[in-house]
Amino acid sequence: PYDFGQPFHRRFYLPDNLHVLGTMNSADRSIAIVDVAVRRRFAFMSLWPSFEAVEEHGCTLSQRAYRELVSIFVEHAPDEAPPLVPGHPYFLGKDQDQARANLRTSLAPLLAEYLAQGYVSGFAESIRGYMQWLESL
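**Digging into the overall build of the chain**
- For the chain, the helix and strand inventory stands at five helices and zero strands.
- Tracing the chain from N to C terminus, the helices and strands come up as α-α-α-α-α.
- Against the compact-globule benchmark of 14 Å for 137 residues, the chain has a radius of gyration of 20 Å, which places it well outside the compact range.
- Overall, the chain is about 60 × 40 × 20 Å in size when its C-alpha atoms are taken along their principal axes.
- A total of 137 residues make up the chain; the buried ones form 27% of that total.
- Sequence separation of 24 or more characterises 63% of the internal contacts of the chain that already satisfy a separation of 6 or more.
- Roughly 9,900 Å² of accessible area belongs to the chain as shown, and the carbon and sulfur atoms make up 55% of that amount.
- Mean positive and mean negative side-chain charge positions of the chain (12 and 16 charges, respectively) differ by 7 Å.

Here it is as structure tokens:
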């Protein structure tokens, strides 16, 4: 019933170049499985954290923190654990101070939760060592 004005008036449509993206973190255990009726209407793809984004938008501390944590997951994690690798936004920061704050207030609590829930029990000591390094920054 709404008139959109020239040139559309009451005609409403979505342009061909409009793409709707939805995201879901598969590591979030509280999210229910997407209903099959919904799932079959969409394409799904896994995206991994981007080191290029960390290189471009993170300082040297962020880059080091990213490389070290990814190395722990690559070396020690079982096949089901790689989706738990924290994404690159945890490692973005324009300078050392901001990076240090992000790592301590965002990444460390996430890793502590992973430990508490047993998600990284097979390589918990490596994660604890990494967290000690974060605290020492």
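Now that the structure is up, let's keep going.
**Some points on the pattern of salt bridges**
- One pass over the structure, following the stated rule, counts three salt bridges.
- Between Arg-128 and Glu-125 there is a salt bridge, with its nearest N and O atoms 2.8 Å apart. Of this pair, Arg-128 and Glu-125 both sit in helix 5 (residues 124-136), three residues apart, roughly one helical turn.
- Classification of Arg-128 as partly exposed rests on a relative accessible area of 38%.
- Taking relative accessible area as the criterion, Glu-125 reaches 60% and is therefore assigned exposed.

**Things to note about a nonpolar patch on the surface**
- On the surface, a cluster of nonpolar side chains totalling about 910 Å² of accessible area is made up of Tyr-2, Phe-4, Phe-8, Phe-12, Tyr-13, Leu-14, Leu-18 and Val-20.
- Counting through the fold element by element, Val-20 comes out in the segment before helix 1 (36-39).

**Here we look at the environment of Leu-137**
- Residue position: Leu-137 is located in the segment after helix 5.
- Given a relative accessible area of 23%, Leu-137 falls into the partly exposed group.
- Taking the C-alpha atoms as reference points, Leu-137 and Pro-49, 88 residues apart in sequence, are found 23 Å from one another.
- With near-sequence residues (within four places) excluded, Leu-137 lies in contact with Leu-61, Arg-100, Leu-103 and Arg-104.

**Structural notes on the environment of Arg-11**
- Structurally, the position occupied by Arg-11 is in the segment before helix 1.
- The exposure class of Arg-11 is exposed, given its relative accessible area of 52%.
- Note: C-alpha distance between Arg-11 and Thr-105 (94 residues apart in sequence) is 49 Å.

Reading the values: the criteria
Residues numbered from 1 in each chain as written. Predicted model: local features only at pLDDT ≥ 70, side-chain atom pairs only at ≥ 80, totals over all residues. Heavy atoms only, no water. Helix = DSSP H or I, 4+ residues; strand = E, 2+ residues; numbered from the N terminus. Rg over C-alpha atoms; globule rule 2.2 N^0.38 Å. Buried < 20%, exposed > 50% of the residue type's maximum accessible area, 1.4 Å probe, protein only. Contact = heavy atoms within 4.5 Å. Areas by Shrake-Rupley, 256 points an atom, 1.4 Å probe, with all protein chains shown as cover. Lys, Arg positive; Asp, Glu negative; His and termini not counted. Charge placed at Lys NZ, Arg CZ, Asp CG, Glu CD. Salt bridge = Lys/Arg side-chain N within 4 Å of Asp/Glu carboxyl O. Patch = residues over 30% accessible without salt bridge, like charges linked within 9 Å, V, L, I, M, F, W, Y side chains within 5 Å.

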